[in-house]
Protein chains: 2
Amino acid sequence: MIEDKTPQRTSIAQLGEFGLIDHLTKNFEINQPSTLKGIGDDAAVLDFKDKKVVISTDLLIEGVHFDLAYMPLKHLGYKAVVVNVSDICAMNAKPTQITVSIAVSNRFPLEALDELFAGITHAAREYNVDVIGGDTTSSQKGLIISITALGEADEEEIVYRNGAKETDLLVVTGDIGAAYMGLQVLEREKQVFQVNPNSQPDLDAYNYLIERQLKPEARKDVRTLLHALEIKPTSMIDISDGLSSEIMHLCKQSKVGCNLYEDKLPIDPQFINVCEEFNIDSTTVAINGGEDYELLFTIAMEDFEKIKGNPNFTIIGHMTQESEGIHLVTRANTKIALKARGWNALSE
Amino acid sequence: MIEDKTPQRTSIAQLGEFGLIDHLTKNFEINQPSTLKGIGDDAAVLDFKDKKVVISTDLLIEGVHFDLAYMPLKHLGYKAVVVNVSDICAMNAKPTQITVSIAVSNRFPLEALDELFAGITHAAREYNVDVIGGDTTSSQKGLIISITALGEADEEEIVYRNGAKETDLLVVTGDIGAAYMGLQVLEREKQVFQVNPNSQPDLDAYNYLIERQLKPEARKDVRTLLHALEIKPTSMIDISDGLSSEIMHLCKQSKVGCNLYEDKLPIDPQFINVCEEFNIDSTTVAINGGEDYELLFTIAMEDFEKIKGNPNFTIIGHMTQESEGIHLVTRANTKIALKARGWNALSE
């Protein structure tokens, strides 16, 4: 599918490593006051003054984390930035810089790399992060993207995974499960395409799910929203592996238990329809599907009034004593022990 | 060769991603006062107070940057840290933290990963850097290592590539070219081994060169040495791609020319012997061979007396007006224009 979209094919080998880096990085802007020196030396130089620095890194591998058969390169570049920025947001910090390293086969045309970097540049502008460094090299097979994201925060703003208390409320932003179902739709279309390359899929009924998979957003707005509500979460994590897996992280690190309520899970109508079409239980997907990049956090019970009815947030459960364990309370009011069955790159 | 050394093979898939991360990271220590929170949350948290932050990243790909046929995994882990720490040293900063991301095939046994992480842990202790984060995932083919290194410095200590002046002296640490010849020896032994797996190579005559290739060191000491001599370089870079290539970077960014003197190049006697054995011109290798991880820098002419005769440093040339170009002055006193022919991952 790359060939269809990029009829022009310029060899990256003829540019050379330094020529390629110059070409790919020429559109990057420096906007953060904390960036003293970006790309162009042995290292970037940053000045965070009295702020604390938050840093996270992710490695994305073709065939493991993404499939170029249905993931346009521009979207891939955008998403690669988003998943890293999301980790910074999950610390309640403000994203400020990223480094971007890529490895590609010699046979990857320059036009394809330009698409990838257009997506990276777009995300960097959207999230106001400076691209301050990276590495460009060749791979023996497939495309590899490694991004490190930095952010800043005052010490008292930072929220860890280990601060949840026994009576805290469990809150999630947005809706969940849609990214996973978007992936199922795309996988199905890929198979249809392989059987009949001339089929013209009508994906209107799936547009929200597909967008959640191909162009997720990091919840950079939540920091501002919570600040305005005068709420500081007691613990926080982003949903990359799946709600169930993330709840277990918060509980394990905070030494608490949790009751999660099935009837409270925020899910989109399109998500419910498509789960029915695929004959999959929507609750199972909502709690185990990953890649939503929403934020999951706990707040003190006293903050209930501040958050109640706010369309950005859904209270989906409450924490308990550690000895009570971690349970899903179903619509039929039965308790089922939660298991972390989130996406696991190493067992696939 | 992995099988020979690690007869026990534990599957990493059975540990799962989180189990594997716990296992691999349990030996990492936090020693830097600037590390507030290391591995275990969405992001690490750092506090550099009034220091500036220096950050650099590198991607190492099996089959492109290393060959497991002759690179023991423990050495690979060590070297992966060193090449990143070297970039921090090249800014005249103090290395403080690294993040380590790896992608491996499911079929890679846990014992092999333990070797790799033993080398990473050893280097982290040796260079006193905290391992504060990373990512662990599967690859479709081969081993991929992505490391980001951070360091700290006062603003006035930081040395960029662009500060060289027209009359500055050009200085290099240690000796150069040996790492490249070490690679040639190892490549030859690999081919001998493929023809006759029972051959027992006698590598005594090559031990220095092989060590320079398999276990290079970053020149963390140079910052202290220069500080004691009261010298601040006007520009600096580390030698990863080759002396010639690095000189061109300094000249281009500083807008100066350079005369490099062939008879001043610091080379080891073993290096000369092996160049003769391989029938390769030693000067060509000394200026084009990469991976020495020595530091190349310029100093003001007034600092000549402070550095003269110091065994850690060799003055190999001087900068000129930009219009004079970049030349090697040979032993026969002829001037040859330097070309960057350093190692180029993308054209191989």
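Quick caveat: nothing in here was measured; it's all calculated off a predicted structure.

### Concerning the overall build of chain A
On a plain count of helices and strands, chain A comes out with 11 helices and 13 strands. Against the globule reference of 20 Å for 348 residues, chain A gives a C-alpha radius of gyration of 21 Å, in line with a compact fold. A principal-axis box enclosing the C-alpha atoms of chain A has dimensions of 65 × 55 × 35 Å. Looking at chain A as a whole, 58% of its 348 residues are labelled buried.

### Description of helix α4 (residues 110–126) of chain B
Residues and elements named next belong to chain B. With 17 residues, α4 extends 24 Å between its outermost C-alpha atoms, agreeing within 8% with the 24 Å of an ideal straight helix rising 1.5 Å per residue. Here α4 has its buried residues at Leu110, Glu111, Ala112, Leu113, Leu116, Phe117, Gly119, Ile120, Thr121, Ala123 and Ala124. Just downstream of α4 lies Asn128, where phi reads positive at about 55°.

### Describing the interface of chain B and chain A
Counting residues at the interface gives 71 residues for chain B and 71 residues for chain A. Carbon and sulfur atoms make up 54% of the area that chain B and chain A hide from each other, which totals about 5,600 Å². Where chain B touches chain A, the interface holds 6 salt bridges. For Asp41(B), the salt bridge is made with Arg161(A), and the minimal N-O distance between the two is 3.7 Å.

### Some remarks on the domain arrangement of chain A
Residues and elements named next belong to chain A. When the domains of chain A are assigned, the result is domain 1 (2–157) and domain 2 (169–337). Distance from the C-alpha centre of domain 1 to the C-alpha centre of domain 2: 27 Å. Counting from both sides, the interface comprises 26 residues of domain 1 and, opposite them, 20 residues of domain 2. Where domain 1 abuts domain 2, roughly 2,100 Å² becomes buried across the two surfaces, and 57% of that area is made up of carbon and sulfur atoms.

### Overview of the relation of the copies chain B and chain A
Once chain B is rotated about the relating axis by 180° and shifted along it by 0.0 Å, it coincides with chain A to within an RMSD of 0.0 Å. Seen this way, the second copy is the image of the first under a two-fold rotation axis.

### Things to note about the pairing of strand β5 (residues 130–138) of chain A
All names here are of chain A. Of all 9 residues in β5, 8 are buried; the element is thus mostly enclosed. The sheet contact formed by strand β4 (residues 94–104) and β5 spans 8 bridges and is parallel. Of the residues in β5, the one forming a bridge with Gln97 is Asp130. Between the parallel elements β4 and β5, the chain passes through helix α4 (residues 110–126) in a crossover that is right-handed.

### Some thoughts on the environment of Glu166(A)
All names here are of chain A. You can see Glu166 is positioned in the loop between β6 (144–153) and β7 (169–173). Judged by relative accessible area, Glu166 falls into the partly exposed class, the value being 40%. Sequence-distant contacts of Glu166, that is, excluding residues within four places in its chain, are made with Val256, Met319, Thr320 and Gln321.

### A few points about the pattern of salt bridges
Residue and element names in this part refer to chain B. The tally for this structure, following the rule as stated, stands at 36 salt bridges over all chains. Among the ionic pairs, Asp47 bridges to Lys49, the shortest N-O distance being 3.2 Å. Exposure remark for Asp47: the relative accessible area of 9% places this residue in the buried category. Its salt-bridge partner being Asp303, residue Lys306 comes within 3.0 Å of it at the nearest N-O pair.

### So, the packing of aromatic side chains
Residues and elements named next belong to chain A. Scanning all chains against the criterion turns up 6 aromatic pairs over all chains. Both rings, one in Phe297 and one in Phe313, keep their centres 5.7 Å apart while their planes meet at 85°; by these two values the pair is edge-to-face. You can see Phe297 sitting in strand β10 (residues 295–299) and its partner Phe313 sitting in strand β11 (residues 313–320), a full 16 residues away along the chain. With a relative accessible area of 0%, Phe297 lands in the buried category.

### Looking at helix α2 (residues 16–25) of chain A
Those residues of α2(A) lying buried are Gly16(A), Glu17(A), Leu20(A), Leu24(A) and Thr25(A). The inward-facing, buried residues of α2(A) abut β4, α4 and β5 of chain A.

### Looking at the sheet that holds strand β13 (residues 335–337) of chain B
All names here are of chain B. If you trace the 7 strands from one edge of the open sheet to the other, you get β8-β10-β7-β11-β9-β12-β13, paired in mixed fashion. Where the open sheet ends on each side, the last strands, each with one partner, are β8 (235–238) and β13. The mean angle between the axes of side-by-side strands here comes to 25°, regardless of whether they run parallel or antiparallel. Across 3 bridges, strand β12 (residues 326–329) lies against β13 in antiparallel orientation. Counted as the bridge partner of Val329 is Lys335 from β13. This element, helix α7 (residues 221–228), spans β7 (169–173), β10 (295–299) and β11 (313–320) of the sheet and lies at about 75° to β11.

### Here we look at the sheet that holds strand β6 (residues 144–153) of chain B
Strands sit in the order β1(A)-β2(A)-β3(B)-β6(B)-β4(B)-β5(B) across an open sheet of 6 strands; the sheet is mixed. Where the open sheet ends on each side, the last strands, each with one partner, are β1 (35–37) of chain A together with β5 (130–138) of chain B. Adjacent strand axes in the sheet meet at a mean angle of 20°, parallel and antiparallel pairs treated alike. Helix-sheet contacts for α4(B) involve β4 (94–104), β5 and β6 of chain B, and the interaxial angle to β4(B) is about 170°.

### Topic: the packing of helix α3 (residues 73–89) of chain B against α4(B)
All names here are of chain B. Taken N-terminus to C-terminus, the directions of α3 and α4 make an angle of 40°; their axes are 7 Å apart at the nearest point. With respect to their mutual orientation, α3 and α4 come out oblique. Every pair of crossing elements has a handedness; the one defined by α3 and α4 is right-handed. Residues Leu73, Lys74, Leu76, Gly77, Tyr78 and Val81 of α3 touch α4, and the partners they reach there are Ala112, Glu115, Leu116, Ala118, Gly119, Ile120, His122, Ala123 and Glu126. Considering only residue class, the contact of α3 with α4 consists of 9 nonpolar, 3 polar and 3 charged.

### A few points about the pairing of β12(B)
The alternating pattern of β12(B) places Ile326(B) and Leu328(B) and His327(B) and Val329(B) on opposite faces, both of which are buried. Hairpin connection, β12(B) to β13(B): the antiparallel pair is bridged by 5 residues, and Asn333(B) has positive phi, about 65°.

### Structural notes on the side chain of Thr99(A)
Note that Thr99(A) resides in strand β4. Look past the residues within four positions of Thr99(A) in its chain and what remains in contact with it is Ile132(A), Gly133(A), Gly134(A), Ser146(A), Ile147(A), Thr148(A) and Thr57(B).

Cut-offs applied
- Residues numbered from 1 in each chain as written.
- Chains lettered and ligands numbered in written order.
- Predicted model: local features only at pLDDT ≥ 70, side-chain atom pairs only at ≥ 80, totals over all residues.
- Heavy atoms only, no water.
- Helix = DSSP H or I, 4+ residues; strand = E, 2+ residues; numbered from the N terminus.
- Rg over C-alpha atoms; globule rule 2.2 N^0.38 Å.
- Buried < 20%, exposed > 50% of the residue type's maximum accessible area, 1.4 Å probe, protein only.
- Expected span 1.5 Å × (residues − 1).
- Contact = heavy atoms within 4.5 Å.
- Buried area = accessible area lost by both parts, 1.4 Å probe.
- Salt bridge = Lys/Arg side-chain N within 4 Å of Asp/Glu carboxyl O.
- Domains from an automatic or database assignment.
- Least-squares fit on C-alpha atoms with pLDDT ≥ 70 in both.
- Pairing = 2+ DSSP bridges.
- Right-handed = clockwise from strand over helix to strand, strands pointing away.
- Phe/Tyr/Trp six-rings, centres within 6.5 Å; stacked < 30°, edge-to-face > 60°.
- Axes fitted to C-alpha atoms, helices over the stretch in contact; angles between N-to-C directions.
- Parallel < 35°, antiparallel > 145°, perpendicular 65-115°, else oblique.
- Left-handed = near helix turned anticlockwise from the far one by under 90°.
- Nonpolar A, V, L, I, M, F, W, Y, C, P; charged D, E, K, R; others polar.

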